[in-house]
Amino acid sequence: MASSPGHLYHADSSAATLAVAVAALAAASGASYALYRHLLPKPLPDIPYFPEGARSILGDFPAMMREGGTAPIDWLITRAGALPGPLSQIFILPLGKPVLLLTDYHESNDVMMRRGAEWDRSDWSIAFLGGILPKHQINFKTGPEWKSHRRLLQDLMGPAFLHSVAAPNIYRSAERLVELWRIKADASAAAAAADGAPVPFSAEQDVFYSALDAVLDFGFGDSFEHRAVEPQLRHLKSLVGSSDGGAAGVREVAVNGQRTLEFDGADVDETVVALFKTAEAIQEVGDMGVPSLAWAWYNMKPSSRRSNRARERFSREQVERAVRKMTQDNIGGGSGKERDKIRSAVDLMVDRERKFAEKDGREPVYWSQAMHDEVRKKCGSGALALEKGRENNIC
């Protein structure tokens, strides 16, 4: 039986539709695959990397989250050591460029000290620190703005400042530590074991507090009255002067099977605690691995907002005190006696801003976001370095 023209037309139309659909699907598949290939990480030639990272659009980021946990920086170090040679690459920025890991000291020193024109601050490091120190010079690429911030600090590591300001402050901090240990040593001798050997005590927290005091002394001098060791010293003296000779505040504990004395500690001032939050924030963001998202989450927390307000009040107060002292003492004429009035890093920064304003023919701007960030970093970076040192049993 012959097919009617209508049936033939319907069959031809269905076949054409199917052909178009197949062609469209093939084109979409091809385009999707091409897009997938385009989005894959682009390894730099002749630099080792892990192949599985180059086969994923997300690169090595899932591996970092899976294996790095709360310590991605440690994971980066381990990752670099697992590849041959001192230079390797990883892909932890989805849809971004490879990140180079250089583990050779001499080459790293050469890049940092002598090849600034070729290697500048990375966008990742700026995002990492920019959430808490947006106007600090460490977050600017080399250029006029960086230079204008840098000149506020360029004398802080000079011999004159280190000799006349930093060294005496660090010495005072060491004196307080020695006095604290002298009292603890007497308590240790009093608790001597049966064989007459003194019972040791842990010095880790004391060294940490002493180093923190040195940072505070260097940064703020006598303008900031609170320290970390001084409360411990007063507390220990009160214990020794009590009716029981301090026995209530001293305990014997076993550390690695050895008798050890443990002393009650005193609370540190809340302003010092707030300064520590800068270091904790940087470490917390670093552990999360994605700076922009981590800072957004961190700054939404009420505790973070309170700490930020406390640090800003503190920074402003220290700058205002330095300005008042400079005005009262007429610092800055250039004589040795006037230079002796500069007793902290904040004093020097304020004095330099005054001099630059005179040179530029403008009014000095003593309080700004830039000044706030520079002051804030004085303790934030110091506390972070001390905390990392304690984690690694350095202090």
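The structure displayed is predicted, hence computed values, not measured ones.

**Student:** How would you summarise the overall build of the protein if you had to cite specific residues and measurements?
**Tutor:** What the protein contains, in helices and strands, is 16 helices and four strands. Counting every position in the protein, which comprises 395 residues, the buried fraction comes to 36%. Summing over all exposed atoms, the protein offers an accessible surface of approximately 22600 Å²; the carbon and sulfur share of this is 59%.

**Student:** Can you explain the side chain of serine 344? Please cite residues and give values.
**Tutor:** Relative to the assigned elements, serine 344 resides in the loop between helix H14 (336–339) and helix H15 (345–360). Looking at serine 344, its side chain comes within polar contact range of the main-chain nitrogen of aspartate 347, at 3.2 Å. Apart from residues no more than four positions distant in its own chain, serine 344 is found in contact with Phe161, Val165, Phe218, Gly219, Phe220 and Gly221.

**Student:** Explain the pattern of salt bridges residue by residue, including any values.
**Tutor:** Within the structure shown, the criterion is met by 16 salt bridges. Ionic pairing is found between arginine 227 and aspartate 217, a salt bridge with its closest N-O pair at 2.6 Å. Of this pair, arginine 227 sits in the loop between helix H9 (204–220) and helix H10 (229–240) while aspartate 217 is found in helix H9, placing the two residues 10 residues apart along the sequence. Since its relative accessible area comes to 8%, arginine 227 is described here as buried.

**Student:** Any chance you could break down unusual backbone geometry for me, citing the residues and the numbers?
**Tutor:** Of note in the backbone geometry, aspartate 46 takes a positive phi value of approximately 65° without being a glycine. The topology assignment puts aspartate 46 in the loop between helix H1 (5–39) and helix H2 (51–54). Residue class for aspartate 46 comes out exposed when judged on its relative accessible area of 82%.

**Student:** Give me the lowdown on the nonpolar core, citing residues and values where you can.
**Tutor:** Soluble globular proteins: nonpolar side chains tend toward being buried together. Counting residues in hydrophobic clusters, the biggest one holds 41 residues, and the most contacted among them are Phe161, Leu216, Phe220, Val319, Val346, Val350 and Val375. Sorting the residues of this core by element identifies helix H8 (159–190), H9, H10, strand E4 (258–263), helix H11 (270–288), helix H13 (302–329), H15 and helix H16 (369–391) as the ones contributing at least two each. Per-element accounting of this core gives the leading share, six residues, to H9. Counting 10 residues, the second largest nonpolar core, distinct from the first, contains Leu129, Ile132, Ile282 and Val285.

**Student:** Break down the confidence of the model for the protein for me, citing the residues and quoting the values.
**Tutor:** Overall, the predicted model of the protein reaches an average pLDDT of 77, with 83% of residues at or above 70. Per-element averaging of pLDDT across the protein places H14 at the bottom with 50 and strand E1 (residues 87–90) at the top with 90. Below pLDDT 50 for its whole length, residues 332–336 participates in six contacts with residues either more than four positions away or in separate chains. Note on residues 388–395: pLDDT is under 50 here. Beyond four places in sequence and across chains, it has 12 contacts.

**Student:** Describe the packing of aromatic side chains, and please don't skip the residues or the numbers.
**Tutor:** Summed over the entire model, instances satisfying the criterion amount to eight aromatic pairs. Centre to centre, the rings of phenylalanine 161 and phenylalanine 218 are 5.5 Å apart; their planes meet at 85°, and the pair counts as edge-to-face. With phenylalanine 161 in helix H8 and phenylalanine 218 in helix H9, this pair connects stretches of sequence that are 57 residues apart. The same class applies to phenylalanine 161 as to phenylalanine 218, namely buried. The ring of phenylalanine 50 has arginine 79 lying over it, and the distance from NZ or CZ to the ring centre is 3.9 Å.

**Student:** Tell me about the pairing of strand E3 (residues 250–255), residues and numbers included.
**Tutor:** In the sheet, E3 pairs with E4 via six bridges, with the strands oriented antiparallel. Directly across from valine 250, in E4, lies its bridge partner phenylalanine 263. Between E3 and E4, which pair antiparallel one after the other, the connecting turn spans two residues, and asparagine 256 there sits at a positive phi close to 55°.

**Student:** Break down the environment of arginine 176 for me, with residues and values.
**Tutor:** Inspection of the secondary structure assignment puts arginine 176 in helix H8. Relative accessible area serves as the criterion here: at 14%, arginine 176 is assigned to the buried category. Distance from arginine 176 to aspartate 213, taken between C-alpha atoms, is 9.6 Å for residues 37 residues apart in sequence. Not counting chain neighbours up to four residues away, the residues in contact with arginine 176 comprise Asp213, Asp217, Arg227, Val229, Glu230 and Leu233.

**Student:** Outline a positive patch on the surface, supporting the account with residue identities and numerical values.
**Tutor:** Where like charges cluster on the molecular surface, the positive patch consists of Arg305, Arg306, Arg309 and Arg313. Topologically, arginine 309 is positioned in helix H13.

**Student:** Can you tell me about helix H12 (residues 291–300), naming the residues and giving the values?
**Tutor:** Of the positions making up H12, those classed as buried are Pro291, Ala294, Trp295 and Tyr298. Down the axis of H12, the sector holding all buried residues measures 95°, keeping them to one side. The exposed set on the far side of H12, more than 90 degrees from its buried face, consists of Ser292, Leu293 and Met300.

**Student:** Give a detailed account of the packing of H9 against H10, specifying residues and quantitative values.
**Tutor:** Orientation of H9 relative to H10, taken along the N-to-C sense of each, is 130°, at an axis distance of 9 Å. With respect to H10, the element H9 is oriented oblique. Of H10, the residues touching H9 (which contributes Asp206, Tyr209, Ser210 and Asp213) are Val229, Glu230 and Gln232. Per-class residue counts for the contact of H9 with H10 are two nonpolar, two polar and three charged.

Procedures and definitions
Residues take numbers from 1 onward in each chain, read along the sequence in its written order. Whole-chain, interface and lining totals are the exception, using all residues; otherwise, since this is a predicted model, local features are given only for residues with pLDDT of at least 70 and side-chain atom pairs are given and counted only at 80 or more. Think of the side-chain values as coming from all heavy atoms in the structure, minus any hydrogens and water. The secondary structure listing takes helices from DSSP runs of H or I that are at least 4 residues long and strands from runs of E that are at least 2 residues long, numbered from the N terminus. The buried label goes to any residue with under 20% of its type's maximum accessible area, the exposed label to any with over 50%, and the partly exposed label to all in between, with areas taken from a 1.4 Å probe on protein chains only. To be clear on the numbers: accessible area is Shrake-Rupley with a 1.4 Å probe, and residue cover counts the displayed protein chains and nothing else. Polar contact is defined as a pair of N or O atoms within 3.5 Å, subject to the rule that within protein one atom must be able to donate a hydrogen and the other to accept it, and that residues adjacent in sequence are counted only when both atoms are side-chain atoms. Note on definitions: a residue-residue contact is assigned when non-hydrogen atoms from the two residues lie within 4.5 Å. We count a salt bridge whenever a side-chain nitrogen from Lys or Arg sits within 4 Å of a carboxyl oxygen from Asp or Glu. In this description, a nonpolar core means a group of buried Ala, Val, Leu, Ile, Met, Phe, Trp, Tyr and Cys residues linked to one another through side-chain atoms lying within 4.5 Å. Confidence scores here are pLDDT values: one per residue, from the predictor, ranging 0 to 100. For Phe, Tyr and Trp, where Trp contributes only its six-membered ring, two rings pair if their centres lie within 6.5 Å, and the inter-plane angle classes them as stacked under 30 degrees, edge-to-face over 60, or tilted in between. Note on geometry: a ring has a charge over it if NZ (lysine) or CZ (arginine) is within 6 Å of the ring centre and within 35 degrees of the ring normal. Any two strands with at least two DSSP-identified bridges between them are counted as paired. Exposure above 30% relative accessible area and the lack of any salt bridge qualify a residue for a patch; like charges then connect within 9 Å, and the nonpolar side chains Val, Leu, Ile, Met, Phe, Trp and Tyr within 5 Å. Within this scheme the basic residues Lys and Arg register as positive and the acidic residues Asp and Glu register as negative, but His and the chain ends are omitted. The atoms used to mark charge sites are NZ of Lys, CZ of Arg, CG of Asp and CD of Glu. It is the directions from the helix axis to the C-beta atoms whose arc is reported. Fitted lines through C-alpha atoms give the axes, limited to the stretch in contact for helices. The angle between two N-to-C directions lies from 0 to 180 degrees. Should an angle lie under 35 degrees it is considered roughly parallel, over 145 roughly antiparallel, and from 65 to 115 roughly perpendicular; all remaining angles are considered oblique. Ten residues, namely Ala, Val, Leu, Ile, Met, Phe, Trp, Tyr, Cys and Pro, are considered nonpolar, four, namely Asp, Glu, Lys and Arg, are considered charged, and the remaining ones, Gly among them, are considered polar.

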